[in-house]
Amino acid sequence: MTFADPLAMMRQRLALAPFVLLGATLAVIPLFWSGFVSLGQAWSTPEYSHGPLIPLISLFLFLREMRDHPTGVDRAPLRWPGLLLGAAALALALAGARTSIPDLVTYGMILWVMAVVLIAMGWARGRRHWASVFHLIFMLPLPQVLYWKVSTALQGLSAQIGVALVDAAGIPVFLDGQIIDLGVWQLQVAEACSGLRYLFPILSFSYLTAILYRGPMAHRVILFAMAAPLAIILNAVRVGIIGILVDRYGIAQAQGFLHIFQGWVVFALCIAILLIVAALLARRRPAGGPMLDLDTSGLVGQAARLGSIGGTRVLVMLTVLTLGITALHLTINDTGPEPRARLSAYPMQLDDWIGRRGILAPDVARVLGASDYLVADYVAPGETSGVGLFVAWYARQADGTGIHSPEVCLPGAGWEIASLDHSTLTAGGANFGVNRAIIQKGLDRQMVIYWFEQRGKRMTSDWQAKFSAVRDGLVTGRSDGMIVRFTTPIGPDEADDVAEARLQKIAQAALPKLAPLVPD
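Heads up: these notes are all about the structure in this document. (Residues numbered from 1 in each chain as written. Predicted model: local features only at pLDDT ≥ 70, side-chain atom pairs only at ≥ 80, totals over all residues. Heavy atoms only, no water.)

Some remarks on the overall build of the protein chain
- Across its full length, the protein chain holds 16 helices and 12 strands.
- Put simply, of all contacts in the protein chain between residues at least 6 apart along the chain, 72% involve residues at least 24 apart.
- Roughly 25500 Å² of accessible area belongs to the protein chain as shown, and the carbon and sulfur atoms make up 65% of that amount. (Helix = DSSP H or I, 4+ residues; strand = E, 2+ residues; numbered from the N terminus. Contact = heavy atoms within 4.5 Å. Areas by Shrake-Rupley, 256 points an atom, 1.4 Å probe, with all protein chains shown as cover.)

Okay, here's the thing in structure tokens:
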């Protein structure tokens, strides 16, 4: 009778793990597919064009971590935390696929990668690789609801700092919202000037610099924390310099190659300043040596270690779980035909109110991203001012599109929100809460009432509307909704109550006509 070598049996068992991992990876692709598509679309934009480099940098960091840690085998590795994290990652991806929110799917992808690391290497060794896996987050786009708020805020900040620089140069200048008025020339601080296309890659670069930096953790925190304000301030300075150059040499300074070149200068300056600060901090280290750990020796050999990963049994469990979740996703993925609105059929006469339909400019409609919209101006005999009605309806609020709150849109058009509170609207036999805002531009004042509506539910918070869309997407597979907005000028001697009464009056006539044209 012969006895098998226990070590040989262990090696044979371990050799199966890479094939089981390959099976789990192939099984999860259908579930993650919408995330891959979303990343491809995001990486084709200037803001996220650095995205394809992030996985390669993360792989470099991962191999570097493997090289710097001993290769000893853990006799009893703890692999169950990885399986639990993998289950959470699959559940998150399923929720994202169900609600058509690719952001959730991509977050699930990163968690799934970390789960595989914890299973293959065990908890004690796998958790050391959190930094390289976390770096993958820099390849993801911001959720749209955050993107527009951040972009608008940065546009306004860049415009204010830019105007301050132009004014300091002795040039007469006036800021109207996000429009820098130089008299002869007017500069629009557009979305592309928000600085986001510099901010995201600079954050990734500062994170990489902090990891490679040979020094105390406090120094690393400083290097990473300074990246965002540095990119924002330098971009705002760029806007001011463009304003000065346009005033001196003409509008060509803000167009074409010069405009792009100025952006690259800002990016290069951010990197240079980060490295200079790193060099200054390095002088305060207790130990000498190179500032950054750029040693790449032995990294290629580390790839061979990936073939000796363990955790075959737990990886099989993850594969079975992945197959089950993917099968469930493919089974429930068909949510039926997409709902449709018929806002083009909305009447242009509402009792005594006579309306005229409008059309949004192509670039405005593109940014709005609505499936259907209504723009109309109404007037009525005996009313001192007309009323504007705006409705934007979205078949899906989750697949990269969604409702834009007026709190984001109006400042970009030069309007300042003087006050924002809540009021109650009576229409269609129901009382419900609405947002009431007074906006002003110079001496012009307008009153705006608006709310968000989803299949009969009315809300005043855009965040509440977004969470409601996610919940309904999970339960019913639908996330359609709309924003309804009424606007009217406030006359020089007109009381606010009179303007609000005018909006209340037309809303009572308008809403019963709107309900049949949108899906319930």
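Further notes follow.
Observations concerning helix α12 (residues 312-332)
- For α12, built from 21 residues, the straight-helix expectation of 30 Å at 1.5 Å per residue is met to within 8% by its first-to-last C-alpha distance of 30 Å.
- Turning to α12, its buried residues number three or more, namely Thr 312, Val 314, Leu 315, Leu 318, Thr 319, Thr 322, Ile 325, Thr 326 and His 329. An end-on view of α12 places all buried positions within 145 degrees of arc, on one side of the element. Facing away from the buried side of α12, by more than 90 degrees, are the exposed residues Arg 313, Val 320 and Thr 331. (Expected span 1.5 Å × (residues − 1). Buried < 20%, exposed > 50% of the residue type's maximum accessible area, 1.4 Å probe, protein only. Arc of directions from axis to C-beta.)

A word on the packing of aromatic side chains
- This structure, assessed with the given rule, holds 12 aromatic pairs.
- Considering the side-chain rings of Trp 33 and Phe 36, the 6.4 Å spacing of their centres and the 75 degrees angle between planes classify their relative orientation as edge-to-face. One end of the pair is Trp 33 and the other is Phe 36, both in helix α1 (residues 6-43) and three residues apart, which spans about a single turn.
- With relative accessibility at 53%, the residue Trp 33 sits in the exposed group. (Phe/Tyr/Trp six-rings, centres within 6.5 Å; stacked < 30°, edge-to-face > 60°.)

As for the nonpolar core
- If you look at the biggest cluster of nonpolar residues, it comprises 70 residues, and the most contacted ones within it are Leu 31, Phe 32, Trp 112, Leu 315 and Leu 318.
- When residues of this core are assigned to their parent elements, the largest contribution, 11 residues, is made by helix α4 (residues 102-126).
- When sequence neighbours within four positions are dropped, the list of residues in contact with Phe 32 reads Ala 93, Val 105, Gly 108, Met 109 and Trp 112.
- Membership of the second largest hydrophobic core comes to 36 residues, among which are Leu 389, Val 391, Ile 438 and Trp 451. (Core = buried A, V, L, I, M, F, W, Y, C linked by side-chain atoms within 4.5 Å.)

Points about the pattern of salt bridges
- In total, this model carries 11 salt bridges according to the counting rule given.
- Between Asp 68 and Arg 67 there is a salt bridge, and its shortest N-O distance comes to 3.0 Å.
- Assessed through its relative accessible area of 18%, Arg 67 is described here as buried.
- Each member of the salt-bridge network shares a partner with another, and the members are Arg 64, Arg 67, Asp 68, Arg 214, Asp 293 and Asp 295. (Salt bridge = Lys/Arg side-chain N within 4 Å of Asp/Glu carboxyl O.)

Structural notes on the side chain of Arg 79
- Position of Arg 79 among the secondary structure elements: in the loop between α2 (53-67) and α3 (80-99).
- We classify Arg 79 as buried; its relative accessible area is 16%.
- A polar side-chain atom of Arg 79 sits 3.2 Å from the main-chain carbonyl oxygen of Ala 120.
- With residues up to four places along the chain from it excluded, the contact list for Arg 79 reads Leu 118, Ile 119, Ala 120, Met 121, Gly 122, Gly 310, Gly 311 and Val 314. (Polar contact = N/O pair within 3.5 Å; in protein donor to acceptor, adjacent residues only side chain to side chain.)

Observations regarding the environment of Ser 158
- Within the fold, Ser 158 resides in helix α6 (residues 144-168).
- Counting along the chain gives 74 residues from Ser 158 to Ile 232, while the straight-line C-alpha distance between them is 7.6 Å.

A look at helix α7 (residues 196-212)
- Between its first and last C-alpha, α7 extends 24 Å over 17 residues, near the 24 Å set by a 1.5 Å rise per residue.
- Judged by how many residues are buried, α7 sits mostly within the fold: 15 of 17 residues are covered.

Examining the packing of α7 against helix α8 (residues 217-225)
- Relative to each other, α7 and α8 sit at 170 degrees, their axes nearing to 8 Å. Taken as axis vectors, α7 and α8 run roughly antiparallel relative to one another. Of α8, the residues touching α7 (which contributes Leu 203, Ser 206, Tyr 207, Thr 209, Ala 210 and Ile 211) are Arg 220, Leu 223 and Phe 224.
- Of the residues contributing to the contact of α7 with α8, the split by class is six nonpolar, two polar and one charged. (Axes fitted to C-alpha atoms, helices over the stretch in contact; angles between N-to-C directions. Parallel < 35°, antiparallel > 145°, perpendicular 65-115°, else oblique. Nonpolar A, V, L, I, M, F, W, Y, C, P; charged D, E, K, R; others polar.)

A word on the packing of α3 against α4
- Two elements in contact, α3 and α4, have axes separated by 8 Å at closest approach and are oriented at 165 degrees. If you check the angle between α3 and α4, you find them roughly antiparallel. The two elements α3 and α4 meet at a crossing, and its hand is left-handed.
- Looking at the contact of α3 with α4 residue by residue, the classes come out as 19 nonpolar, five polar and no charged. (Left-handed = near helix turned anticlockwise from the far one by under 90°.)

Observations concerning the pairing of strand β10 (residues 444-454)
- With respect to burial, β10 is a largely interior element, nine of its 11 residues being buried.
- Judged from the seven bridges that link them, strand β9 (residues 430-441) and β10 form a sheet pairing that is antiparallel. Following the sheet pairing, Gln 440 is matched in β10 by Arg 445.
- Between β9 and β10, which follow one another and run antiparallel, lie two residues, and Gly 442 among them has a positive phi close to 65 degrees.
- Taken together, the three bridges between β10 and strand β11 (residues 457-459) define a ladder with antiparallel strand orientation. Paired with Gln 454 across the two strands is Lys 457, which belongs to β11. (Pairing = 2+ DSSP bridges.)

Focus on the environment of Ile 403
- Following the sequence through the fold, Ile 403 ends up in the loop between β7 (387-394) and α14 (406-412).
- Taking the relative accessible area as the measure of exposure, Ile 403 reaches 13% and is therefore buried.
- Note: C-alpha distance between Ile 403 and Asp 462 (59 residues apart in sequence) is 7.4 Å.

What about a nonpolar patch on the surface?
- Taken together, the side chains of Leu 22, Leu 26, Ile 29, Trp 33, Phe 36 and Val 37 present a nonpolar region at the surface, about 570 Å² in accessible area.
- A relative accessible area of 49% places Leu 22 in the partly exposed class. (Patch = residues over 30% accessible without salt bridge, like charges linked within 9 Å, V, L, I, M, F, W, Y side chains within 5 Å.)

A short note on unusual backbone geometry
- Within the chain, Asp 351 stands out as a residue other than glycine whose phi angle is a positive 55 degrees.
- Positionally, Asp 351 belongs in the loop between β4 (349-350) and β5 (353-357).
- Residue Asp 351 is classed as exposed on the basis of its relative accessible area of 59%.

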